[in-house]
Amino acid sequence: MGRWSRAVAPVFLDWLGAARRASWLDVGCGTGILAETLVELCAPASVHGVDPAAAQVSAAARGPARNHAQFQVADARKLPFADASFDVVASALVINFIAERPRALAEMRRVARPAGLVAAYVWDFAEELSPSAPLRRAMRRLGADVPGIPGTEASRLEALRALFLEAGLEQIETRTVDVCLAYADFTDFWESQTPDYQPTTKIIAQMKPSERTRLMHAVQAALPPGPNGSIEYCARANAIKARVPR
Ligand SMILES: C[S@@+](CC[C@H](N)C(=O)[O-])C[C@H]1O[C@@H](n2cnc3c(N)ncnc32)[C@H](O)[C@@H]1O
């Protein structure tokens, strides 16, 4: 799914309009896609990334941003930084997954400097517009018990706005980011949509071969290939940015 993260990050960073030579914190950095994109595009003075998953952090630390960013294991709800440490605190595709979102936001605000930026984006799960939506919709249509995505309702723009307001942030702005991607063919789509860690992959693995074939046909009917066999569709991220009061 990294290709979708990579498609949203530059649009979000351009919209943030952060100054060059800023100090950045990437909260829930995963394998470091936002960090590496901002190193490429935003001329940062420093970049830190945190994520509670040690495997993700070590992948980020080996990745393209390794010479320009520092990555460490930490949770958004307890950030290991002093107050007012960063010019920009940003979080990509994470906030809906956090169990205590107000606590995470309070921490993000605390480590951002006065007048600094706090910003985030998440897939629009509430409107079923995430990159996994076509597969999830087809599974549901065939009667599979598809588990809900954690924090689905929290992915709405209004929910993000309420969360940022509650954290005492100011000058709140929101936008949607629509990104469209093409997979080379159905196999490319299918392999990318069924990584081991997805709960839907486990459900598909337990299907009878005939059910799995029916599901593949249902997805193919919903996503007809282009003339060269490629599969293209769009997903939507909801983005928010705000300032810490002076
Ligand atoms: C969908 S990935 C996004 C990764 C990356 N930011 C990107 O844009 O590709 C979600 C990430 O959120 C992290 N995460 C989940 N709960 C978190 C928490 N409480 N604090 C910080 N990160 C968290 C996960 O470990 C995972 O790496």
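Right, let's walk through the structure included here. (Residues numbered from 1 in each chain as written. Predicted model: local features only at pLDDT ≥ 70, side-chain atom pairs only at ≥ 80, totals over all residues. Heavy atoms only, no water.)

Overview of the pairing of strand E5 (residues 112-123)
Put simply, the test is: Relative accessibility under 20% of the residue-type maximum defines a buried residue, over 50% an exposed one, and the middle range a partly exposed one, all with a 1.4 Å probe and only protein chains included. Only DSSP runs of H or I reaching four residues or more are called helices, and only runs of E reaching two or more are called strands; each is numbered from the N terminus. Pairing between strands is defined by DSSP: at least two bridges between them are needed. Orienting the strands away from the viewer, one traces the path from the first strand over the helix to the second; a clockwise path indicates a right-handed crossover.
With ten of its twelve residues buried, E5 lies for the most part within the structure. Looking at chain direction, strand E4 (residues 86-92) and E5 are connected through six bridges and run parallel. Note that in E5 the partner of phenylalanine 86 across the bridge is alanine 112. Of the crossover connections in this fold, the one passing from E4 over helix H4 (residues 101-111) to the parallel E5 is right-handed. The pairing of E5 with strand E7 (residues 231-243) spans seven bridges and is classified as antiparallel. Opposite alanine 119, over in E7, you have lysine 241 as the bridge partner.

Observations regarding the pattern of salt bridges
Where side chains of opposite charge bring their charged atoms close, a pairing between them can arise. As a reminder of what qualifies: Here a salt bridge means any side-chain nitrogen of Lys or Arg lying within 4 Å of a carboxyl oxygen belonging to Asp or Glu.
Within the structure shown, the criterion is met by 13 salt bridges. Between arginine 156 and glutamate 127 there is a salt bridge whose closest N-O contact spans 2.8 Å. Taken together, the residues arginine 156 in the loop between helix H5 (133-141) and helix H6 (157-166) and glutamate 127 in the loop between E5 and H5 connect sequence positions 29 residues apart. Measuring nitrogen to oxygen at the nearest pair gives 2.5 Å for the salt bridge that ties glutamate 128 to arginine 140. Here glutamate 128, found in the loop between E5 and H5, pairs with arginine 140, found in helix H5; they are twelve residues apart in sequence, far enough to count as distant. Exposure remark for arginine 140: the relative accessible area of 39% places this residue in the partly exposed category.

Re the packing of helix H1 (residues 2-16) against helix H2 (residues 33-41)
Which entries qualify depends on this criterion: Angles here are taken between N-to-C directions and fall from 0 to 180 degrees, while the axes themselves are lines fitted to C-alpha atoms, restricted in helices to the stretch in contact. Should an angle fall under 35 degrees it is called roughly parallel, over 145 degrees roughly antiparallel, and 65 to 115 degrees roughly perpendicular, with every other angle called oblique. For a crossing to be left-handed, the near helix must be turned anticlockwise from the far one by less than a right angle; the clockwise case is right-handed. Every residue pair with non-hydrogen atoms within 4.5 Å of one another is taken to be in contact.
As a packed pair, H1 and H2 sit with axes 9 Å apart at the nearest point and diverge in direction by 45°. Here H1 lies oblique to H2, going by the angle between them. Read as a crossing pair, H1 and H2 show a hand that is right-handed. Of H2, the residues touching H1 (which contributes Gly2, Ser5, Arg6, Ala9, Pro10, Phe12 and Leu13) are Ile33, Leu34, Glu36, Thr37, Leu38 and Leu41.

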